[in-house]
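What follows is each chain in one-letter form.
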Amino acid sequence: PKKTTCQWYQGDAELKDETGDELVFKARKDDNGKKYKCKVSNEAGETISSPAQLSVHYIEIDDDNLADKTVTVGASITFEISAKGNPSVKYKWLKVGSSKTYSTKNSLKISNTDKNHEGQYYCEVYNGFADSKTSKKVALTVNLEKPRIIEHPSPEEQAVEVGTKVTFKIKA
């Protein structure tokens, strides 16, 4: 019987020591989109297989710029992350202790903050294939605004006799 040999290639690059009828390896993100083929040879000649393309599903999150924020009531804030994956990723911003989705973008913007917005927020990134990833949690603290005096006590000065009712008014 004629002996058949196989040599595997990634694209046009020969994969050293990959000469069996199976190519087995652990997929990495960088392998996404690569094509693999095998050159099968015997005494009569050689034939190259059609290429097989590898699609590697993955998700990567960059939440290094995600940080706790402290604002005053009425201010606006934005939390933002970046992520990539194969296939394309989707986002879901959540608040700890709530099942409500606050945003489906890579950023969460809260306008006109109040004390009800206080809490910890995080983002789930998913694509339906790779395991979903969760950003680190960030805290939002909403401080009450110090009162502002609109009009100082008036009148500024009053002279009265003992026992007289005195009234000063202020607007804050």
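Up top is the structure these notes are about.
Residues numbered from 1 in each chain as written. Predicted model: local features only at pLDDT ≥ 70, side-chain atom pairs only at ≥ 80, totals over all residues. Heavy atoms only, no water.

Trainee: Teacher, can you tell me more about the environment of Y58 here?
Mentor: Among the structural elements, Y58 can be located in strand β6 (residues 58-62). Residue classification places Y58 among the buried residues on the basis of a relative accessible area of 17%. Residues Y58 and T167, 109 residues apart in the sequence, show an inter-C-alpha distance of 71 Å. Setting aside anything within four residues of it in sequence, one finds Y58 in contact with K29, K84, G85, N86, N127 and A130. (Helix = DSSP H or I, 4+ residues; strand = E, 2+ residues; numbered from the N terminus. Buried < 20%, exposed > 50% of the residue type's maximum accessible area, 1.4 Å probe, protein only. Contact = heavy atoms within 4.5 Å.)

Trainee: Sorry if this is basic, but what is going on with the pairing of strand β15 (residues 138-143) here?
Mentor: Within a regular strand, the side chains alternate between the two sheet faces. Here β15 shows a clear split, with V138, L140 and V142 buried on one side and none of A139, T141 and N143 buried on the other. In this sheet, β15 lies alongside strand β7 (residues 69-72) in parallel orientation, the contact comprising 4 bridges. By the bridge assignment for β15, V71 is matched with V142. Sheet topology places strand β13 (residues 119-126) next to β15; 3 bridges connect them, and they run antiparallel. Following the sheet pairing, Y121 is matched in β15 by V138. (Pairing = 2+ DSSP bridges.)

Trainee: Could you clarify how one ought to interpret the pattern of salt bridges in this entry?
Mentor: When the charged atoms of two side chains lie near each other, side chains of opposite charge can form a pair. Inspection of every chain in the model, using the stated rule, returns 9 salt bridges. For the salt bridge of E118 with K115, the shortest nitrogen-to-oxygen distance reads 3.3 Å. What makes K115 partly exposed here is its relative accessible area of 40%. Here E145 and R148 are joined by a salt bridge, their closest N and O atoms 3.4 Å apart. E145 gets classed as partly exposed once you look at its relative accessible area, which sits at 44%. Through salt bridges with shared partners, a single network forms among K29, E60 and K84. (Salt bridge = Lys/Arg side-chain N within 4 Å of Asp/Glu carboxyl O.)

Trainee: Help me out: how do you make sense of the packing of aromatic side chains in this one?
Mentor: The description of an aromatic ring pair uses the distance of the two centres, along with the angle that the planes make with each other. Overall, the coordinates contain 3 aromatic pairs when judged by the stated rule. On the basis of an interplanar angle of 35° and a centroid distance of 6.1 Å, the ring pair of F79 and Y121 is categorised as tilted. Note that F79 is positioned in strand β8 (residues 77-80) and Y121 in strand β13, a separation of 42 residues in sequence. Take F79 and Y121: they sit in the same class, and that class is buried. (Phe/Tyr/Trp six-rings, centres within 6.5 Å; stacked < 30°, edge-to-face > 60°.)

Any link to function would need more than the numbers given here.
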